[in-house]
Amino acid sequence: MKIIICGAGQVGWQIARQLAGEKNDVTVVDQNPDLVRRASEILDVQGIVGFASHPDVLEKAGARDADMLIAATHSDEVNMVTCQVAHSIFSVPRKIARLRAQSYLEAMHADLYRRDHLPIDVVISPEREVAEAALQRIAAPTTFDSEAFLGGRAQLLGIALDAECPVLNTPLRQLSDLFSTLRAIVVGVRREGRLFAPEPGDQLFAEDRIYVCAHSDDVGRTLGIFGKAAQKQERVIVVGGGNVGLAVAQRLERRTDRVRVRLIERNRARAEAAADALERTIVLNGDGMDSDLLAEADVERADAVLAVTDDDKTNLLVSVRAKQAGCKMSIALVNDPTLVPLMEVLDIDAYINPRATTVSSILRHIRHGRVRAIYSIGDSEAEIIEATVLSTSPIAGRLVREIDFPGGVLVGAVMKGKEVVKPNGDLRIEEGDVVLLFALSADVPEVERLLQVSIDFF
Amino acid sequence: MDISLILQPGAVRVLGKAGSKKRLFQELGEIAAAVHGIDAGQVIDGLQERESLGPTGVGHGIALPHARLETLERIVGIFVRLEKPMDFDAVDRQPVDLIFTLLAPKDSGVEHLKTLALVSRTMRDGAVCTKLRANTNPATLHAILIEASARQAA
C-alpha cells in the first residue's frame, strides 16, 4: 500500500516506523529538513521537505498513487486542509487526521467529517486515547494492560503472575477442565522477555506476564483465578497537568464512586488553569519528583500514582519514587517503546503507550478483510485482531481445529450474533461471526490471508 | 451466456502501464463512464472496496476485479491489457497484465457469479493468455476473448 505521512514528529515517526516495517511504500512529508533526512536515513521511507497541505508538495510525495494519507502535523488546521486537498485534487481514498482541539473532536458527532463536508475518514487523538487508556488501567488496577473488544462484551487482560498465583505449574489444558465454565483463554505469554502463543500442554510460571481474552462477565473471576483480587482505587495522584493529566482528572471527578484526586503540575500558569477547570481535585504547583511535594499529596496512602508528563524519564522516575514512598501502584506514560522492558525492573505496575493506541486505530484500515479493531501488543510484537468472518474466506464454515492457523495465532473469543462464546476445537466458525484473534507479528500476514475473501466474493 | 453479451469492443483497451491499483481503478472508472455511461466515482469506490476485502489477482498475471453497483441494470465487462505488468498482491505474487473487470447490478441473483466463473475459466486457458499477450490491437483482443468464451460456454 502506498501511504503518505505528513508530519515527522513523535506520532508521525512511530506510525512511519510501523508501516514501513510492514513493507508498505511510505513517504514522509515535513517542513523540517533535518527530521525528513533523519526519517529517510533511519526508517525505510522516502522523504519530502515541504508544507504538508500544499498541492505541489503532495504531488511530489506521490499523492496521485497514494492509497492512504495520514495527517499528523502539529496543527489541526493544516491536518484538516491536507485531507481536503488529498481528497479533492488527488482522490486519495483513505484520509486520517490527528486532531487535538477538544472543540474539533466534539464536532465529530455533528457530521463535519464527511466526504462532502470535511473529508476525514478517521480522526485520531492521541491525548484523548491516552486519557482513556489511563482510566482503563486505574479501573483494572491489577492488570498491566487492558482493552475492550466485541462491543464491550470481551476484555483483553494483561496479568503479571506472581508466586501467589494459584494456577502455576499446571498445563493450560488442565485449567480448561478445572474451570470449565470460565469463559477466558490465555492467548499470549511473555517469559524472560519473549512473547509467544501458548499451546495446551504449556504451563504458567511465576514472573510470566500473560494476556487473557475473557468474557466481560467473567473478568472478576478470571482475575481471582490468576491470583489478583479486586481492589478499590480511592486516592489517586496525577503528575503532569497537560491535556492528558487534565482529561484524566476530569473523568475521575465525574465517576460516581468518589475518587480523591491530587494533581501535581510544575508550570504555574498551567497549574492555575487546571485548578480552574477542576472542581474537587486538589492541584499542587511544583515538581512531581520532589519528595516533600509528594508527601504533601499524601503519596504514602495513595492507591495509585499516574505519571503523565510529556517526558518519559520523568514519568519513570516519579513512578519509582512514589512506589518507594508507599504508593500501592504506579502507572507511567511512556512514548519510547524501547523503555518498556525497564518497567519490570523498576517495579512500575503498568504503562501507557500513546503510539500503541494510535497505531492500532490506523492499522485497522490497512489490513485486508473486514477488520473491526486492532490492538497492538508490546513493541508491536503481536496484535489482537477483531474481524468479521466473510463468506468465501478460508475460515468460514470450518471447525476451529480444521483451520490451518500458524503457530503464533490463537482464537481468543468468537461472537455469534450477540453471544460471546469461548472457542474450542469443535466450534464452527460461520459467516457473520466476529472472531478475536491473537497473532504474533510474523504471523499477521497469514491471518490476513485467512480473513480475506476469495475471488468468488462478488 | 457468453462474453460477447457483456464485453463491447469499446471496452477493450491496451494501456502502457498503471502506476498503482488506484490509478488502474481510475482508468477503469473512466472507461466504464465512456462506454457504459456509469458514474466513474461509483466504479472506483466499488472496486476499491472489494479489493480491500481480498485481492482479485488470481495468478499467472491475471486479475479479475469486480464490484456490484447500485445503479447498474445489467452486467458489463471491461478488459485491459497492460504493456508493463503491475504489482497486484496476486496469490502467486506475480505482476499482473491481463485485467478483466466485471460490474454487476446489486440484485443480479446468481447471474454475476456465473459470469465470473465463465470469465475465470476463459482466462485460465494458457493458450488464450498467450494470444492476448501477443496482440496489441483492441479489436483483435476482443475477438480472441469472444471466441475463447464461446468455446468455454459450449
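Residues numbered from 1 in each chain as written. Chains lettered and ligands numbered in written order. Predicted model: local features only at pLDDT ≥ 70, side-chain atom pairs only at ≥ 80, totals over all residues.

### Focus on the interface of chain A and chain B
The test is simple: Contact between residues is assigned whenever the C-beta positions, reconstructed from backbone atoms, fall within 7 Å. Only Asp, Glu, Lys and Arg are considered charged, only Ala, Val, Leu, Ile, Met, Phe, Trp, Tyr, Cys and Pro nonpolar, and every remaining residue, Gly among them, polar.
Contacts between the two partners involve 16 residues from chain A and, on the opposite side, 17 residues from chain B. Each residue belonging to the side of chain A that touches chain B can be placed in one class, and the counts come to six nonpolar, four polar and six charged.

### Some words on helix 14 (residues 354-363) of chain A
Quick note on the threshold: With C-beta atoms placed from the backbone, a residue counts as buried when 20 or more other C-beta atoms lie within 10 Å of its own, as exposed when 12 or fewer do, and as partly exposed for counts between those limits. Counting from the N terminus, the helices are DSSP H or I runs at least four residues long and the strands are E runs at least two residues long.
Of all 10 residues that make up helix 14 of chain A, nine are buried, and the element is covered over most of its length. Regarding helix 14 of chain A, the residues found buried are A:Pro354, A:Arg355, A:Ala356, A:Thr357, A:Thr358, A:Val359, A:Ser360, A:Ile362 and A:Leu363.

### Let's talk about the packing of helix 6 (residues 126-139) of chain A against helix 14 of chain A
Between two packed helices, both the angle of their axes relative to each other and the distance between the axes serve to describe the pair. Residue and element names in this part refer to chain A. Basically, it comes down to this: Here the axes come from fitting lines to C-alpha atoms, over the contacting stretch only for helices, and the angles between their N-to-C directions go from 0 to 180 degrees. Working rule for angles: under 35 degrees goes down as roughly parallel, over 145 as roughly antiparallel, 65 to 115 as roughly perpendicular, anything else as oblique. In a left-handed crossing the near helix is turned counterclockwise from the far helix by less than a right angle, and in a right-handed crossing that turn is clockwise.
One way to put it is that helix 6 packs onto helix 14 with a least axis distance of 9 Å and a crossing angle of 115 degrees. Taken together, the axes of helix 6 and helix 14 are roughly perpendicular relative to one another. In the crossing of helix 6 with helix 14, the sense of the turn from one axis to the other is right-handed. Contacts between helix 6 and helix 14 involve Pro126, Glu129, Val130 and Ala133 from the former and Pro354, Thr357 and Thr358 from the latter. Partitioning the contact of helix 6 with helix 14 into residue classes produces four nonpolar, two polar and one charged.

### Quick look at the sheet that holds strand 8 (residues 154-160) of chain A
All names here are of chain A. Quick reminder of the rule: Whether two strands pair depends on DSSP finding at least two bridges between them.
The sheet built from five strands is open, its strands ordered 7-8-11-9-10 with antiparallel pairing. Two strands in the sheet have a free side with no partner beyond their single neighbour: strand 7 (145-149) and strand 10 (194-196). Each neighbouring strand pair of the sheet contributes to a mean axis angle of 20 degrees, computed without reference to strand direction. Of the strand pairs in this sheet, strand 8 and strand 11 (residues 209-215) are connected by seven bridges, and their pairing is antiparallel. Residue pairing in the sheet places Gln155 in a bridge with Ala214 of strand 11.

### Structural notes on the nonpolar core
Put simply, the test is: Nonpolar cores are identified as sets of buried Ala, Val, Leu, Ile, Met, Phe, Trp, Tyr and Cys residues joined via C-beta atoms within 7 Å.
Judged by nonpolar contacts, the single largest core of 147 residues is most densely connected at A:Ile70, A:Val305 and A:Leu306. If sequence neighbours within four positions are ignored, A:Leu306 has contacts with A:Ala134, A:Val236, A:Val238, A:Val239, A:Val248 and A:Ile331. B:Ile3, B:Val58, B:Val80 and B:Ile144 belong to the second-largest nonpolar core, a separate cluster that totals 45 residues.

### A short note on unusual backbone geometry
Of note, the phi angle at A:Asn169 is positive, near 55 degrees, even though the residue is not glycine. Tracing the backbone through its elements, the reader meets A:Asn169 in the loop between strand 8 and helix 7 (172-178). Even without being a glycine, B:Arg93 presents a positive backbone phi close to 60 degrees. Within the secondary structure, B:Arg93 sits in the loop between strand 5 (76-86) and strand 6 (96-105).

### Some points on the domain arrangement of chain A
Which entries qualify depends on this criterion: For the domains described, the bounds stem from an automatic or database domain assignment.
Taken domain by domain, chain A comprises domain 1 (2-124), domain 2 (131-225), domain 3 (235-352) and domain 4 (357-451). Of note, the centres of domain 1 of chain A and domain 3 of chain A, computed from C-alpha atoms alone, are 32 Å apart.

### Here we look at the pairing of strand 12 (residues 235-239) of chain A
Residue and element names in this part refer to chain A. Threshold: Every crossover in which the path from the first strand over the helix to the second runs clockwise, viewed with the strands pointing away from the viewer, is termed right-handed.
Among the five residues of strand 12, five are classified as buried, and the element is accordingly described as predominantly covered. By the alternation rule, side chains of strand 12 split into Arg235, Ile237 and Val239 and Val236 and Val238, which are all buried. Two elements, strand 12 and strand 13 (residues 260-265), share five bridges in a ladder whose sense is parallel. Bridge pairing in strand 13 links Val239 to Ile264. The handedness of the strand 12 to strand 13 crossover, carried by helix 9 (residues 243-254), is right-handed. Judged from the four bridges that link them, strand 12 and strand 15 (residues 304-307) form a sheet pairing that is parallel. Its bridge partner being in strand 15, Val239 is matched across the sheet by Ala307.

### Description of the environment of A:Ile210
All names here are of chain A. In this fold, Ile210 is placed in strand 11. In sequence terms Ile210 and Cys327 are 117 residues apart; their C-alpha atoms lie 24 Å from each other. Excluding its chain neighbours within four sequence positions, the residues that come into contact with Ile210 are Ile159, Leu161, Val186, Gly188, Val189 and Leu204.

### Regarding the confidence of the model for chain B
For the record, the criterion: Along the chain, pLDDT gives the predictor's confidence residue by residue, from 0 to 100.
With 98% of its residues at a pLDDT of 70 or more, chain B has an overall mean of 92. Overall fold confidence for the complex sits at a pTM of 0.82, while the interface term, ipTM, reaches 0.85.

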